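Survey of secondary and tertiary structure
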Amino acid sequence: MNVQNISIDAYDYPLPDDRIARYPLPLRSSSKLLTYRAGEIEEHHFSQLPELLPEGCLLVRNNSRVIRARIHIRKATGAEIEIFCLDPSEPSAYEAALGARGTVVWHCLIGNAKRWRGGLLEKSLEMPDGTMLQVQAERVGEAEVRFSWPEGGYTFGELLEAMGQLPIPPYLGRETEEGDLETYQTVYARHEGSVAAPTAGLHFTPEVFAALGRVGTRVLDVTLHVGAGTFRPVKAEQIGEHEMHSEWISLEREVLEELSRAHGGGVAIGTTSVRTLESLYHLALKIKHSPESPEPEGLHVEQWSPYRPEAEELSREEALGILLGYMDLWGLERLSLSTSIMIAPGYRFRMIRGLITNFHQPRSTLLLLISALVGDDWHRIYDYALRHDFRFLSYGDSSLLLP
């Protein structure tokens, strides 16, 4: 099967508007949990997760934190411009960009762009200590914006906290509210950079993690900064015409070592953790076949690399060994890369044995990933969820998929 010829029409389903969860439940872990194990579907509550996972399970979670990426600036004419910061350009590293002082350039989506053809936009800010700042925004390209402000004690990350808005998904059909500042972050969010939450993790609480520890479930952290492309439905008729967004990944050497000892692979918390883990396998292939060892600054996994006929089959252990050897060669304790990986029906999973995930939009790349994992049974799973009053999308209920 030529994966690129897959029709997105086959991954559509009717999602009534009233099934979209507009708000989270008061207690994260009280959400419903659908379990799919070897073809059998059952219904539980998320707080029961520790007893439903395989014995000796290794969980992998994405500890990225959502930034206040939406900025609204009003022109002197009254026109409002929205600047949605996607990922950093100068400097390109997230930590450096959020810690920048004085000036920074980001790739952005610009709302009402026709009303901002050129010139500077200015926004006055009152910082927590009472200091007044003027922040200037200047278009330096079709999708790049330079921000500048008086050099001093404030980082760009602190400016976003003061002037930005948390970007909840557009399909919620409402503005960001005060409660979203807490509920649209996982309890383990650490590294700032995402413009959308890794929503499967929103169900976890400290009490759930404590219960997981009591039954011997280990938990590993990776970082993938989620891009705005996660909101985009596939508009092309065939998925080969859909361009995946690139996302930045970072993980410690310890994660690779633990994965190499995990029998059968880990259970990923969310599709972002899946994309992280599966990208590692294809990065190992790329390193193995490179004439010279590629430099750490330019590591990238292309969208269609998993489907190339010449892709060599490695075991999970061999792939992880290649990555650990690469880190030894370059003296790395942390591995960083970008990925545009497309996981669609026909994909063979190498790094995971299961997935915890929410219920996704029709005609989305996330639904393609689910189908790659469970095959045509995705219809049964989603039909069951619709018939049994499960809540859908970011603030909705979840599933544990163990094919």
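Read on for a plain summary of the structure. (Residues numbered from 1 in each chain as written. Predicted model: local features only at pLDDT ≥ 70, side-chain atom pairs only at ≥ 80, totals over all residues. Heavy atoms only, no water.)

**So, the packing of aromatic side chains**
- Counted according to the given criterion, the structure contains 23 aromatic pairs.
- Aromatic pair Y307 and Y347: ring centres 6.2 Å apart, planes at 70 degrees, arrangement edge-to-face. With Y307 in the loop between β16 (300–301) and α8 (316–330) and Y347 in the loop between β17 (334–339) and β18 (352–358), the pair connects residues that are 40 residues apart, well separated along the chain. Across the pair, exposure class does not vary: Y307 and Y347 are buried alike.
- These aromatic residues form a ring-pair network of at least three members: Y11, Y13, F359, W378, Y382, Y384, F390 and F392.
- Its end group placed over the ring of W116, R139 keeps NZ or CZ at 5.8 Å from the ring centre. (Phe/Tyr/Trp six-rings, centres within 6.5 Å; stacked < 30°, edge-to-face > 60°. Helix = DSSP H or I, 4+ residues; strand = E, 2+ residues; numbered from the N terminus. Buried < 20%, exposed > 50% of the residue type's maximum accessible area, 1.4 Å probe, protein only. Lys NZ or Arg CZ within 6 Å of the ring centre and 35° of its normal.)

**Concerning the environment of T339**
- Topologically, T339 is positioned in strand β17.
- Distance from T339 to E247, taken between C-alpha atoms, is 5.4 Å for residues 92 residues apart in sequence.
- The contacts of T339, once residues within four sequence positions are left out, are L224, H245, S246, E247, I249, S279, H300 and V301.
- A polar side-chain atom of T339 sits 2.7 Å from a polar atom in the side chain of S279. (Contact = heavy atoms within 4.5 Å. Polar contact = N/O pair within 3.5 Å; in protein donor to acceptor, adjacent residues only side chain to side chain.)

**Description of the pairing of strand β14 (residues 247–252)**
- In the sheet, strand β13 (residues 218–225) pairs with β14 via 3 bridges, with the strands oriented antiparallel. Directly across from T223, in β14, lies its bridge partner S250.
- Of the pairings in the sheet, the one linking β14 to β17 comprises 6 bridges and is antiparallel in character. Bridge pairing links E252 to R334 in β17. (Pairing = 2+ DSSP bridges.)

**Section: empty space enclosed by the protein**
- Evaluation of the coordinates by the stated rule reveals 2 cavities of 30 Å³ or more.
- Around the second largest cavity sit M244, R275, I341, M342, I343, T365, L366 and L369, which together line it.
- Here the lining of the second largest cavity is built from residues that sort into 6 nonpolar, 1 polar and 1 charged. (1 Å grid on protein atoms, 1.4 Å probe; cavity = no way out; pocket = protein on both sides within 12 Å on 5 of 7 lines; lining within 4 Å. Points joined across faces, edges and corners; volume = space filled by probe spheres on them. Nonpolar A, V, L, I, M, F, W, Y, C, P; charged D, E, K, R; others polar.)

**Structural notes on the sheet that holds strand β8 (residues 120–126)**
- Ordered by their spatial adjacency, 7 strands build an open sheet running β8-β9-β10-β7-β6-β5-β11, and the pairing between neighbours is antiparallel. Both outer strands of the open sheet, β8 and β11 (164–165), are each paired with one neighbouring strand and no more.
- Bridging between strand β6 (residues 80–90) and strand β7 (residues 103–111) involves 7 bridges; their strand directions are antiparallel. Bridge assignment links E82 to a residue of β7, and that residue is G111.

**Here we look at the packing of helix α9 (residues 365–374) against helix α10 (residues 377–387)**
- Relative to each other, α9 and α10 sit at 115 degrees, their axes nearing to 8 Å. Along its contact with α9, which presents L367, I370, S371 and V374, the element α10 presents D377, W378, I381 and Y382.
- A breakdown of the residues in the contact of α9 with α10 according to their chemical character gives 6 nonpolar, 1 polar and 1 charged. (Axes fitted to C-alpha atoms, helices over the stretch in contact; angles between N-to-C directions.)

**Some remarks on the packing of helix α7 (residues 271–289) against α8**
- Taken N-terminus to C-terminus, the directions of α7 and α8 make an angle of 65 degrees; their axes are 8 Å apart at the nearest point. By crossing handedness, the relation of α7 to α8 is classed as left-handed. Facing L280, Y281, L283, A284, I287 and K288 of α7, the residues of α8 in contact are A319, I322, L323 and Y326. (Left-handed = near helix turned anticlockwise from the far one by under 90°.)

**A few points about the pattern of salt bridges**
- On inspection of all chains with the given rule, the structure shows 21 salt bridges.
- In this structure, the salt-bridge partner of E302 is K286, at a minimum N-O distance of 2.9 Å. Placement of E302 in the loop between β16 and α8 and of K286 in helix α7 is noted, with a sequence separation of 16 residues between them.
- Using a relative accessible area of 27% as the deciding quantity, one classes E302 as partly exposed.
- Among the residues examined, K286 registers a relative accessible area of 32% and is labelled partly exposed.
- A salt bridge links R316 to E317, with the nearest nitrogen and oxygen atoms 3.1 Å apart.
- By relative accessible area, which is 9% here, R316 ends up buried.
- Connected through salt bridges with shared partners, the residues D9, D12 and R363 form a single ionic network. (Salt bridge = Lys/Arg side-chain N within 4 Å of Asp/Glu carboxyl O.)

**What to know about α8**
- An ideal rise of 1.5 Å per residue puts 21 Å on 15 residues; α8 measures up with 22 Å between its terminal C-alpha atoms.
- All buried positions along α8 are accounted for by R316, A319, L320, L323, L324, Y326 and M327. Looking straight down α8, one finds that the buried residues subtend no more than 155 degrees of arc, so they occupy a single side.
- If you follow the buried residues of α8, they end up packed against α6 (253–261), α7 and β17. (Expected span 1.5 Å × (residues − 1). Arc of directions from axis to C-beta.)

**A few points about the nonpolar core**
- Residues L259, L335 and F392 are the most contacted members of the largest nonpolar core, which totals 86 residues.
- In this view, F392 contacts Y13, L15, R19, I20, A21, F359, Y382, A385 and L386; residues no more than four positions away in its chain are not counted.
- Of all hydrophobic cores here, the second largest spans 33 residues; its members include I110, L121, V135 and L160. (Core = buried A, V, L, I, M, F, W, Y, C linked by side-chain atoms within 4.5 Å.)

**Let's talk about the environment of A96**
- Structurally, A96 can be placed in helix α2 (residues 94–98).
- Residues A96 and R348, spaced 252 residues apart in sequence, show a C-alpha to C-alpha distance of 36 Å.

**Quick word on the layout of surface pockets**
- What the largest pocket holds in volume is close to 750 Å³.
- Taken together, 30 residues make up the lining of the largest pocket; nearest its centre are D87, Y94, S246, E247 and W248.
- For the lining of the largest pocket, the secondary structure elements donating two or more residues are β6, β7, β14 and β17.
- Counting residues per element, the lining of the largest pocket draws most heavily on β6, which supplies 4 residues.
- Partitioning the lining of the largest pocket into residue classes produces 15 nonpolar, 10 polar and 5 charged.

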